[in-house]
Each structure stands twice: as structure tokens, then as C-alpha cells.
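Notes for the structure review
These are the residues of each chain, in order.
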Amino acid sequence: MVKVTDSLRTVVGDKAAKRLATLGQVGLRTVGDLLNYYPRRYETRGELTDLASLRDGEHVTVLAEIAKVSSRQMRNRPGSVFEAVVTDGRGKLTLTFFGKGRQDWRERELAPGLQGLFAGQVSTFKGKRQLAHPEYELLGSANAAARAMEYATELIPIYPASKDIASWQIADSVRLVLTAVDIEGDPLPARVRERYRLYGYERALRAIHQPADEQDKERAIRRLKWDEAFTLQVVLAQRRRVSTEYVALARPRLDGDAGGLLAEFDRGLPFELTEGQQEAGEAIAADLARAHPMHRLLQGEVGSGKTVVALRAMLQVIDAAGQAALLAPTEVLAQQHHRSISQILGPLAMAGQLGGAEHATRVALLTGSQGSAARRRALLEAASGEAGIVIGTHALLEEQVQFADLGLIVIDEQHRFGVEQREALRGKAAEGRPHVLVMTATPIPRTVAMTVFGDLEVTELTELPAGRSPIATHVVPVAEKPHYLERAWQRVSEEVAGGGQVYVVCPRIGDEEGRANSEEEQGLVERAGGAKAGLAGAQNGSGGPEGPAGREEPGGRASELPLADDGGFDFAELLDDHQARRPPLAVVDVAAGLRQGPLAGLTLAVLHGRLAPEEKDKVMLAFADGRIDVLVTTTVVEVGVDVPDATMMVIMDADRFGVSQLHQLRGRVGRGGRPGLCLLVTEAPQGPARERLDAVAATSDGFALARLDLEQRREGDVLGEAQAGRRSSLKLLTLLRDEELIGLARQEAEDLVGADPALAGQPALAAAISALLESQRAEFLAKA
């Protein structure tokens, strides 16, 4: 008998094995790989595929009936074209075959009235959907008579196929494997199977590939969902159990009468903490006071005050003679955190300086592009303990960065950092394991996965601080209503005239061909027709004002800016894709167009990741100080940037951003006392992309949007390192629809691991876990 670890080649032969190796992300190579390659859907002989739903470019397998056939000679070269029109009763599809000679044999084989399975890539020719040279198997032909009898009462599995192998060819290989394989053991404990009336493992595998009927299929799917949920829950339960053995230095809160940074900070707060902030603070304070490492997720709406909660936790650790590190995903956000935390602490962040408070500390900034002098100073302050708070990007992870006593790690937008990066920062603690607080404003799929699987202690902030204004969001469908775009730019001018500031966000920087950036592309600010004093550098070219026509760009090429009939700038032309999918709009192009067109006379600047750090800082400071009216930017402002007078955001090509990104971006406006406005500009027609935008416009509930994001993007690999780019370990389980099942599996896993931590009595389960971890090359999500 064949084992699940055996090579497929020994069962299905070399030719089929090579084709199967092209499936999935890493290929199907063993018998077990194929058995775990589940059908995407099922058909019956009386249930025909909906041909009207096919899309160009799809590799499909359809079950249909031949309606008519025809044959003709090719006009311009020898040979013939045979066409068979198939139907499912609702739509039609043409099967096209080219041959060097006559194809009478095919006309005899593909006779009207026969049903068959047809597979190929969908294309359109002269307005008709077709499959060119499809693979096919006739269910009524002599060589498929046995198959037809088999299919009379059973569901037909339809597998995710490719150009190299059709669905029924996969099914043929599965049949061979099921005939030969010996499936030993069951990873699900007998008591769990009995309690929830679940199929045995072998029966479930056979039933999902060859179900006798609908009920058989559903019971197989439910059992295999349990396998996915339970196996992962056992891994998480084992890791949680191990984590209790790790020791962290307790950092209890000082008694209010004892003074300290936290007490002094609270007394000087110019606002009252929300009830949610107070509850979160108490939970975190209790965690920090324990001798086991905290690992808590603080998630809340954009602008709900997570940074203040995290800062109070940092001050508690500093009061207990420790240090806190704040890890940010971008330099812009790290700089913003450094400015805002230094500002809100005031004298409390001025240790050793004139005007510093009695219990003051210092706040250091460490990024990868700092000058050598600033970098040396920050490294020294971190290593000596002089800096109680060290804020930085990935530069904090470098080996030469040392701390005197790292007690707390705060990770902002934690989905941006992988397992190894978080672990590298943990390793810098001098004694025990540091406490960890991770923050996110809109949970992305992996965060939701971790939350549902119960791997983190979760604190949620759902209310906005007093005085925080609501943000109105509207979709601007320029393909259907071009005049809406003109009105959007008028609205920008009105906002600026009323004292507000505006972000214009684009998905791309532009200027990708390596040309040297002009000075306004380096983040300097200028008015159309002249420089603004104190901010702008030299003018382009001769130093005179730019005209509206295409100017000579650095690198010797004239820019190709679209012109209107009167010679002025035609901004709408940038959005014209001429019936083709154009590249995403770029900051460089949009900024130039706005300067010469609808926003001429306003003060514009650009900000993106390719600018030098000092230029980024200069632009952000100028925008925060109100010296810039409109900031044209990429998503470097997505998180953390706080400019109270920014009241409006225009997001260009909004359909090219994810739901979570859009929610994060619009959170940059309305952070002062005035209401915020966000316009989502899109060319997308009615369909899934527009539905996403409509959903963002319809609600400000970040948790509801996170669920929508999860539905659309899946949950990522629960045990993996990366947010994207790797196949999910969950094939059948969906975190939204199967929350109840996951909860039951979690409790069963806790009970099992409590009684048998090493799984000595469950060898099949231990083997399944080992195979899962090895196949995913996963490290646990670093909670231990």
C-alpha cells in the first residue's frame, strides 16, 4: 500500500506527476499533497455550469451539452477550423479547434446532444466567448461509460486547474491515489470526534473527493475544517503554555503620592482621558506589574487616542527604572512620534536640560538615514539609559543598538513587522523578556486572524476623544460624472480659503525612469509663478517661473503634461485611460498638474519615500506649521501623522488601495476641532472595487471594515511570517463564518494540552502539527 508521504510519481506516473507539480503555490509532490488539494466546487450531471459568468483569461472547466457543430476551411492558409457550440441552458460557449486538414473525425466525436467536461482558457473573438483547443472528456462516449455511470449519482469535483492540467485529470489522479493509499491514524482525538459527531479522517478525505451526495460532502468539509482549527489551536495552546514559563521583570505603577513621571504627566494633561483609555490603561498597568511578559493588542478607531495609552505605559516602565522602545514602520511616522511625544511631555522629556522637570527623561530618535552625529548621540542615550523612550524604525533592530534596561516594546502598526524583526528587538532586553504592546488602528486580515484565534490579549478603543470631529467620506466616480472632479478641486480651494489644509494622496511616486528629481519634487514648496519666501529653493531651469506648457525636465526630456484646448493644463486628461488600464497616478504628475491647473495660486508641496530624510522633515514641519496649503503625497502619511488643521483629503485612484489603507488614510483629517472630509476619486465601474469604496464611505467603523477586508483578502498565514505572498494554511476554514467552530476547537485544544502537553497520547496529531509547521516554515507569532 502507498503511504501519504510517498511521491506521486510512484502512483500516477511521471507525466501526471509533472503536471501536478505545477499546482498550488509550491506544487503537489506527495500523495498527501494531492489528498489535501480539495475541490473548489462540485457539479452534478443535471446541474450545468453557468457559462454567462465566465471571464476572459480564466482557466475554466465547464460541464455543458454540445448544441451544434460546424467546420470550414481557413481563408488565407491551408487547414480547417472546427467549432462546437456548447450550452448550459443559460449561456453559450464556442469550442474552437484548428487543424492542418479536414477534421471529420472530430465532427463525428463531438456530436450534438452529448454532454462533456471542457477545459481551457476563456477568450473573446468577434464578440463570442470561446475556448481555443480545449481539453475535453465526453461523459457519453464509450471510453467514459463507466465514468458516466459513476457520475449518475455522485457529485463531480471541480478542482482549481491550470493551463498544464485540467480538473478531470486531477480527479483521475485522485482516484488512483484513493485506490492505493493507506491512511493511518487520525489527528483528531476520538473524544472530539464523538462529541461533535465528526467523520473519521480517512472517511472525510475520501468523501471530500468522491462525495456520495450533498450531505456526505458537507460532513466531510466540516470534519476537515475541524482539523485545520484544532491543529492550529493546539499549536497556540502549547506556545501559550510555554510562554508562562518565561519571566519578565515586573514594572508596577508607582503610588500616586510617590511622584514619578506618570503621575506628573497625568496631572498636566490638558484633556480628560476617555473611559476606554482609562480602562485600557488599567489593563496594561496590571499586565506590566506581573512577572510574566505582557503581550497585548491595543486596537482602536483612527484617532481614538492609542498613542496616549501607549505613552502612559512607557512612563510606568520608566518610573520602574526601565526603558521603552517604540518601533514605527516608516521614518515619517517615527519622526512624527518623536515630535508629538516630545511636545506632549514638554519638560518631562528634557532631562539634563534647562527647564527640565525633576523626574524628567529623554526621548531619542533612531532611524536608518540619520547623520552620524545624531546617530551616535541616540545610540549613547539608549545604551546609557539616559533616554527612557527610544523611538525608531527598523534601525532599532540593528545589532549595535543596545539598551540599559529594555522593559517595554511598543510596536505601532504591528502588521508591518515580521516574526524575526519582533524577536530581534525582544533579544535586547538585559533581564528576562520585555513586555510587548502592539497597536493598530484598522486590523488587517492577519491581525483579525490572531484575534479570532485567541493568541493575544485584546483591548479595544471604540470611542473618540472629546472634541474629535467626524469625517464625511464620499465617492467621486469620475468615469460616470467627470464634472465631479472639477467640483472636488473647487472644494479643495474652498477648504483652504476657510483656513483648512488638504492632503492629495496618490498610489505612486512617479519619475521612475531614473531622472534626477526637480527641486519641487524634492519636497520644496512654490507658488505657481514664484517661490514662497523661506521655503522654496531655486526655480527649475533658468530660475524663472514655470509656464503652463511642457517644460524641459532634468534629464533632457520635456514632460508630457496634457493641455486643454486653450493651452492651459487639462487635469482630467490624466484620468483618461483610453480604454486601457493606465498606470496608477503619480505624485510628481499630479502635483505638476494641480500647480498649473485647478489649484494654481495655492501653496503645494510633495512628500514621498524617495525624498531625503531632512527634506521629508522640512515638508512635514512646514505643513504642520500651516505654511503649506496642499500636500500631494503617497501613503507615507497613512499612519500616525497628526496635523490638526488638516481638514480634507482627496485620494486619487482610490480603488487601487485596500479597505484598511483607505480607513487609515482618512484618519489623518478631522483631528482638530473642525469636521473632516475625504473624497475617494475613482474611475472604477460598478463592481467589487466600487463596492469596497462604497463600504468605506458608508461607515467609520474600523472593526466592520476589518471584517470586510478579511472577506476580500483572506486571513493570511496564521502561523507565517509575512502578511502577504504566502499561501494561507487555512484551506476550508474561514475566520468570519467559522468563528463558533474556532471557539469550540480552542477550548478542546486547551483541555488536551492541559492534560497532555507533549501530545504523547496523540501521535497522529503530533505528526500533523510537525508537518504543518515544516510545510509553512513557520515560527509562532512570537508571543513566547
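Residues numbered from 1 in each chain as written. Predicted model: local features only at pLDDT ≥ 70, side-chain atom pairs only at ≥ 80, totals over all residues. Heavy atoms only, no water.

Residue position: S167 is located in helix α6 (residues 167–180). What S167 contacts, discounting residues up to four positions off in sequence, is T61, P157, I158, Y159 and A161. (Helix = DSSP H or I, 4+ residues; strand = E, 2+ residues; numbered from the N terminus. Contact = heavy atoms within 4.5 Å.)

To continue, consider the pattern of salt bridges. Summed over the entire model, instances satisfying the criterion amount to 33 salt bridges. One salt bridge in this structure joins R253 and E282, with 3.2 Å as the shortest N-O distance. Taken as a pair, R253 in the loop between α9 (214–243) and α10 (261–268) and E282 in helix α11 (residues 275–288) lie far apart in primary sequence, 29 residues in all. A residue is classified by how much of its surface remains accessible, and R253, at 33% relative accessible area, is partly exposed. D287 is the salt-bridge partner of R290, the closest N and O atoms lying 2.6 Å from each other. (Salt bridge = Lys/Arg side-chain N within 4 Å of Asp/Glu carboxyl O. Buried < 20%, exposed > 50% of the residue type's maximum accessible area, 1.4 Å probe, protein only.)

A few words now on the environment of R339. Relative to the helices and strands, R339 resides in helix α13 (residues 331–345). The class of R339 is partly exposed, set by a relative accessible area of 23%. As a C-alpha pair, R339 and L365 span 26 residues in sequence and 9.5 Å in three-dimensional space. Every residue in contact with R339, bar those within four places of it in the chain, is listed here: D617, M620 and L621.

Moving on to the confidence of the model for the chain. Residue-level pLDDT values for the chain average 80, and 80% of them are 70 or greater. Within the chain, the element-level pLDDT minimum falls on strand β20 (residues 552–553), averaging 28, and the maximum on helix α7 (residues 190–195), averaging 97. Predicted confidence for residues 513–569 stays below pLDDT 50, and this span has 112 contacts to residues more than four positions away or in other chains. Within the model, pLDDT remains below 50 along residues 777–784, and this stretch shows 33 contacts once partners closer than five positions in the same chain are excluded. (pLDDT = per-residue confidence, 0-100.)

This part is about the packing of aromatic side chains. Inspection of the entire model under this criterion finds five aromatic pairs. Between F97 and Y136, the ring centres sit 5.9 Å apart and the planes meet at 80°, which makes this aromatic pair edge-to-face. Here F97 is found in strand β4 (residues 92–99), whereas its partner Y136 is found in strand β7 (residues 135–138), with 39 residues between them in sequence. Taking NZ or CZ as reference, R433 lies 4.9 Å from the ring centre of Y246, over its face. (Phe/Tyr/Trp six-rings, centres within 6.5 Å; stacked < 30°, edge-to-face > 60°. Lys NZ or Arg CZ within 6 Å of the ring centre and 35° of its normal.)

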